[in-house]
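As a plain string of letters, each chain reads:
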2 protein chains.
Amino acid sequence: MAPASARPIPVAAIKTQCSSCHLKDICLPCGLTGPEVERLDGLKFARRKIAAGEVLYREGDRFQFIYAVRSGTFKSSLMLADGREQVSGLHIAGELMGLDGLAAGKYASSATALEDTEVCAIPYAHLNELAQQSPNLQMVVARLMSREIVREHSLMMLLGSMNAEERLAAFLLNLSQRMKARGYSPCEFHLRMSRAEIGSYLGMKLETVSRTFSAFQQQRLLEVDKKHIRITDLEGLTRMFETRVH
Amino acid sequence: MAPASARPIPVAAIKTQCSSCHLKDICLPCGLTGPEVERLDGLKFARRKIAAGEVLYREGDRFQFIYAVRSGTFKSSLMLADGREQVSGLHIAGELMGLDGLAAGKYASSATALEDTEVCAIPYAHLNELAQQSPNLQMVVARLMSREIVREHSLMMLLGSMNAEERLAAFLLNLSQRMKARGYSPCEFHLRMSRAEIGSYLGMKLETVSRTFSAFQQQRLLEVDKKHIRITDLEGLTRMFETRVH
DNA sequence: CGCGAATTTGAGTATCATCAATTAGGGTGG
DNA sequence: CCACCCTAATTGATGATACTCAAATTCGCG
């Protein structure tokens, strides 16, 4: 019988190095100089494939790894007291997940693959050791966490002060920018979340999400075909914000 | 003429030590053992008094200090594109502010004193040096940041999925718990925010905040006299959540 | 091809925002 | 010390936005 200490983790511990990763400019090593990235290679971690619909970690699981998304998309979510799901994040390639677990030693949210994915499972303790020898690496980790705080800030703004159209526009534009930063097309992408998940994330009902998509389409801002989105009028979509006279 | 490098900071650099602070169990040293707290005493920082209405730091200011609230209350807020203010946090004694500045080297929000206050201005660079010698201290700092992430998470939940009564109840109960943890009465306190500020924070209009207070009062959950709040039925207020059948 | 799930769309409604008027307080100056 | 003013808060009336319930349609998968 396997040790009960934790859920099965690195199935095949493929050794992976940051310095040769195609995501090195936007992922963990972001901001580090060449030699420092090589020092990061001292960090041994495993890659893992997670199939669509599978859960990478669950709310309450012991915090042990930070995960970097290599490919694919994840959502993070929490269970509400009444059993409903609240989506709290969307993570695409090059982004990190799990930082929220540090506070209490347990993940504060669950991460679910929205398509077939691959992640790097970075042992936090090991990363920490390394960071102790490198002030810059330490700074990078701290900055990543701070970035997460800022990210949530802006989502709060969104939830606190925008109407349905503004929320969806903000969501799409944010995603568009992140896609662009990763070399993908900023104007055409596949939404991996369902209408219900988008709604949960943005604080509106799935019907409203659907209606808002339709409205954008009629305004010729988007072409929507189920989960496939094409932004046809980026400026128009951006104007959704400034048009907040109310 | 004073050097233009930064805004005037420590007026009188009173040397302050964590080990003898009455807030040591809930503030920065929280979770550290006795000897480690003493090591924290190597950290020299200044206390500063901030008068009601004064701004401690502004959105965009260069990030240099983390601030610990010694006494009084702060709000943090951002300016929206249209010039309105969005309140993003409330900070009471023993809590830290400014962590959001690490991401970009500039504060992502402004901090304003809601009454006469006193803070410790902790130079982040110095804290960092110290942390490099003490894994535990490093862990504490990381945990503080993660805690911030979790805090925002829960506010997002609130904004995303609660109605007006639930939001205000959640806000009051959260504040109540924090007061309690600091040895203050959990059931009677002075709200330092105006109705408009509370509304901004909770994503509702000031009129709705006012009406909801009145409703709670009629339900005999609270006694409200302007900014003075007395919770008369803590369980009832808590039930506001579970009663989310809709 | 057929079933179940996801999405779209419609109609009616509840909640909260807006507009507006009134009251209460806190601070200032006569 | 009181009158006055400006701001904050309360309360009411009305309306817009987004939710609920419901039905029709499409999609994806076996």
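Residues numbered from 1 in each chain as written. Chains lettered and ligands numbered in written order. Predicted model: local features only at pLDDT ≥ 70, side-chain atom pairs only at ≥ 80, totals over all residues. Heavy atoms only, no water.

(A) Representation of the protein's contact with DNA strand D in the model. Around DNA strand D, a shell composed of 18 residues is seen, among which Ala164(A), Thr208(A), Arg195(B), Ser210(B) and Ser214(B) lie nearest. Protein-proximal atoms of DNA strand D, defined as those within 4 Å of the protein, fall in sugar or phosphate at a share of 67%. Residue Arg211(A) places a side-chain N or O atom 3.1 Å away from a base oxygen belonging to DNA strand D. One of the side-chain N or O atoms of Arg211(B) is found 2.8 Å from a base nitrogen in DNA strand D. Residue assignment for the surface near DNA strand D shows that the elements contributing at least two residues are helix H6 (206-218) of chain A together with helix H6 (206-218) of chain B. Ranked by residue count, the leading element in the surface near DNA strand D is H6(B), at four residues. (Near = heavy atom within 4 Å. Polar contact = N/O pair within 3.5 Å; in protein donor to acceptor, adjacent residues only side chain to side chain. Helix = DSSP H or I, 4+ residues; strand = E, 2+ residues; numbered from the N terminus.)

(B) Representation of the layout of surface pockets. Size it by volume and the largest pocket reaches roughly 1400 Å³. Lining the largest pocket are 43 residues, and of these Val150(A), Arg151(A), Ser154(A), Asn174(A) and Gln177(A) lie nearest its centre. Going through the elements one at a time, strand E5 (85-91), helix H3 (135-161), helix H4 (164-181), helix H5 (195-202) and helix H7 (234-242) of chain A together with strand E4 (74-79) of chain B are the ones with two or more residues in the lining of the largest pocket. Among the elements that take part in the lining of the largest pocket, H3(A) stands out by supplying eleven residues, more than any other. Lining the second largest pocket are 40 residues, with Arg151(B), Ser154(B), Ala170(B), Asn174(B) and Gln177(B) positioned closest to its centre. Going through the elements one at a time, strand E4 (74-79) of chain A together with strand E5 (85-91), helix H3 (135-161), helix H4 (164-181) and helix H7 (234-242) of chain B are the ones with two or more residues in the lining of the second largest pocket. Element by element, the count of residues in the lining of the second largest pocket is highest for H3(B), at ten residues. Residues belonging to the lining of the second largest pocket are distributed by class as follows: 22 nonpolar, eight polar and ten charged. (1 Å grid on protein atoms, 1.4 Å probe; cavity = no way out; pocket = protein on both sides within 12 Å on 5 of 7 lines; lining within 4 Å. Points joined across faces, edges and corners; volume = space filled by probe spheres on them. Nonpolar A, V, L, I, M, F, W, Y, C, P; charged D, E, K, R; others polar.)

(C) Quick peek at the sheet that holds strand E1 (residues 46-50) of chain B. All names here are of chain B. Here four strands make up an open sheet; going across it, the order is E1-E8-E3-E6 and the pairing antiparallel. At either end of the open sheet lies a strand with only one pairing partner, and these are E1 and strand E6 (96-97). Both strand E3 (residues 65-71) and strand E8 (residues 117-123) contribute to a ladder of six bridges, which runs antiparallel. Across the sheet, the residue bridging to Tyr67 is Ala121, located in E8. Here helix H2 (residues 124-133) sits on the sheet and contacts E3 and E8; the angle it forms with E8, its principal contact strand, is near 55 degrees. (Pairing = 2+ DSSP bridges. Contact = heavy atoms within 4.5 Å. Axes fitted to C-alpha atoms, helices over the stretch in contact; angles between N-to-C directions.)

(D) Representation of the interface of chain B and chain A in the model. The partner chain A presents 38 residues to the 38 residues of chain B that form the contact. The contact between chain B and chain A buries some 3600 Å² in all, and 63% of this surface belongs to carbon and sulfur atoms. It is Ile149(B), His153(B) and Met156(B) in chain B that bury the most area against chain A; as a group they hold 17% of the surface buried on that side. At the junction of chain B and chain A, the tally comes to zero salt bridges. For the side of chain B that touches chain A, the elements supplying multiple residues, two or more each, are E5, H2 and H3 of chain B. (Buried area = accessible area lost by both parts, 1.4 Å probe. Salt bridge = Lys/Arg side-chain N within 4 Å of Asp/Glu carboxyl O.)

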